[in-house]
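Breakdown of the fold
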Amino acid sequence: MNGREGRDSGQAFPAYIAVIAGVLFLALAYFAVGQAATTRSGAQTAADAAALAAAQEARDQLRDRWLEVLLAPDRWGPYLRGEEYSVGPACERAAAFAARNEAAFSEGGCEPLASGDPGFRVTVRTTEAVGRSVVPGTESRHGVASAEAVLEPLCTFDPPGPTAEPSTEAPSEPPSEPTSEPTPTPPPEEDEPIVGLTCGDVEWEIDPEAPTLPEVSDLFTVRLSN
């Protein structure tokens, strides 16, 4: 009886090892799948944050540059349409936000939207591998994701029509006799408030002497487009 039990135990041992190996393989596979999903999610988070950061930097630039030409309303158009910003500083800010999320620019990196609309497309690659060297074969695999963020202008500007030019025709009445009294100097004209700027449902009247101005969030909204 003891001999038979010994033989049964010897036959069961390889099967036991096979079961344990199968369980470990399944556990490793589930771990790899979970790590891959986590890495992909992290890559997308980093891409979203970087694209939004680039668009927000561009928005800040647009408002600052608009303020520089505030007293020249005929030059407002490119700034209110979201056209006058520098790509370099915006992408530098995007890179910083990608790094905060353990990612870096991948192929394509950071670039303006191909559609020509104001905004950016950012592609990033996680700095950590999918399996973090725990799962064999994943040491060189990284999460890659892309995101697009757009700047949507919220303001329109309709400058008032040109004022009538003073008449250059000669006066019909004969000129008056010259007098010895000096002609009084008229007081200097005050700058008129600038009207015609509408942001959303709000109409702005900008006093050049003490302007109350829209915030960046009044001028543009920033959002992900994918």
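Residues numbered from 1 in each chain as written. Predicted model: local features only at pLDDT ≥ 70, side-chain atom pairs only at ≥ 80, totals over all residues. Heavy atoms only, no water.

**Quick notes on the overall build of the protein**
Just so we agree on the cut-off: Working definition: helices are DSSP H or I runs of at least four residues, strands are E runs of at least two. Numbering for both runs from the N terminus. Exposure categories follow from relative accessible area, calculated using a 1.4 Å probe and restricted to protein chains: below 20% of the type maximum is buried, above 50% is exposed, and the middle band is partly exposed. Using the Shrake-Rupley algorithm and a 1.4 Å probe, accessible areas are obtained, with residue cover drawn only from the displayed protein chains.
Within the protein one finds four helices and seven strands. The helix and strand sequence of the protein, counted from the amino end, reads α-α-α-β-β-β-β-β-β-α-β. Expressed as a percentage of its 226 residues, the buried residues of the protein come to 29%. In the form shown here, the protein has an accessible surface area of approximately 15000 Å², with 54% of it arising from carbon and sulfur atoms.

**Quick notes on the sheet that holds strand β1 (residues 103–112)**
This is how the line gets drawn: One bridge is not enough; two strands pair if DSSP finds at least two bridges between them. Axis lines are fitted through C-alpha atoms, for helices just across the contact stretch, and the angle between N-to-C directions can take any value from 0 to 180 degrees.
Spatially, the four strands line up as an open sheet ordered β1-β2-β3-β7, and their pairing is antiparallel. Two strands close off the open sheet at either side, each with one partner strand: β1 and β7 (220–224). Going from strand to strand, the sheet's axes swing by 20° on average, the running direction of each strand aside. Strand direction decides the pairing type here: strand β2 (residues 119–129) and strand β3 (residues 142–153), joined by eight bridges, are antiparallel. Among the inter-strand pairings, G119 is bridged to a residue of β3, identified as V150.

**So, the nonpolar core**
Keep this limit in mind: The nonpolar core is taken to be a set of buried Ala, Val, Leu, Ile, Met, Phe, Trp, Tyr and Cys residues, with the residues joined through side-chain atoms within 4.5 Å. Between two residues, a contact is recorded if the distance between any of their heavy atoms is within 4.5 Å.
Counting 40 residues, the largest nonpolar core has W66, W76, F120, L197 and I206 as its most contacted members. The element best represented in this core is helix α1 (residues 2–68), accounting for ten residues. If we ignore the near neighbours within four places in the chain, the residues touching L197 are W66, W76, L80, C155, T156, F157, V202, E203, W204, I206 and P214.

**Re the packing of aromatic side chains**
Where two aromatic rings form a pair, the distance of their centres and the angle of their planes describe that pair. For clarity, the threshold we go by: Any two rings among Phe, Tyr and Trp, with Trp reduced to its six-membered ring, count as a pair given centres within 6.5 Å; such a pair is stacked if its planes are under 30 degrees apart, edge-to-face if over 60, and tilted if neither. Our definition puts a charge over a ring when NZ of Lys or CZ of Arg is within 6 Å of the ring centre and also within 35 degrees of the ring normal.
Applying the stated criterion across every chain yields a total of three aromatic pairs. With centroids separated by 5.4 Å and ring planes inclined at 75°, the aromatic side chains of W66 and W76 adopt a geometry described as edge-to-face. Here W66 is found in helix α1, whereas its partner W76 is found in the loop between α1 and α2 (77–80), with ten residues between them in sequence. Note on accessibility: W66 and W76 belong to one class, buried. Taken together, the ring pairs connect W66, W76 and F157 into an aromatic cluster. One residue, R100, lies across the ring of F97, its end atom 4.4 Å from the ring centre.

**Details of the side chain of T126**
What counts, and what does not: Each polar contact in these results corresponds to two N or O atoms within 3.5 Å; when the atoms are within protein, one needs to be able to donate a hydrogen and the other to accept it, and residues that are neighboring in sequence are counted only if both atoms are side-chain atoms.
The residue T126 is located in strand β2 in this model. In terms of polar contacts, T126 uses its side chain to reach the backbone carbonyl oxygen of E128, at 3.0 Å.

**Points about helix α3 (residues 87–100)**
We apply this condition: By this rule the span expected of a helix is its residue count minus one, scaled by 1.5 Å.
Here α3 contains 14 residues, and its C-alpha end-to-end distance of 20 Å stays within 8% of the 20 Å for a straight helix at 1.5 Å per residue. E102, located one to two residues past α3, shows a positive phi value of around 60°.

**What about a negative patch on the surface?**
For the record, the criterion: For patch building, the residue pool is restricted to those with more than 30% relative accessible area and no salt bridge; the joining distance is 9 Å between like charges and 5 Å between nonpolar side chains (Val, Leu, Ile, Met, Phe, Trp, Tyr). For salt bridges, the criterion is a side-chain nitrogen of Lys or Arg within 4 Å of an Asp or Glu carboxyl oxygen. Only four residue types enter the charge count, namely Lys and Arg as positive and Asp and Glu as negative; His and the chain termini do not. Every charge is mapped to an atom, namely NZ of Lys, CZ of Arg, CG of Asp or CD of Glu.
On the surface, a cluster of negative charge is made up of D191, E192, E205, D207 and E209. Assignment of secondary structure puts D191 in the loop between β4 (155–157) and β5 (194–199).

**What about the sheet that holds β5?**
Pairing is antiparallel across the open sheet formed by three strands, whose spatial order is β4-β5-β6. Both edges of this open sheet fall to β4 and β6 (202–206), since each of them pairs with a single strand only. Going from strand to strand, the sheet's axes swing by 30° on average, the running direction of each strand aside. Looking at chain direction, β5 and β6 are connected through four bridges and run antiparallel. Along β6, the bridge assignment pairs L197 with W204.

**Quick word on unusual backbone geometry**
One non-glycine residue, E102, lies in the positive phi region at around 60°. With respect to the helices and strands, the residue E102 is situated in the loop between α3 and β1. Judged by relative accessible area, E102 falls into the partly exposed class, the value being 48%.

**A short note on the confidence of the model for the protein**
Here is the rule: For every residue, the pLDDT score states the predictor's confidence, bounded by 0 at the bottom and 100 at the top.
Confidence in the prediction for the protein averages 79 pLDDT; 64% of positions are at 70 or higher. Within the protein, α1 has the poorest average pLDDT of any element, 72, and α3 the best, 97.

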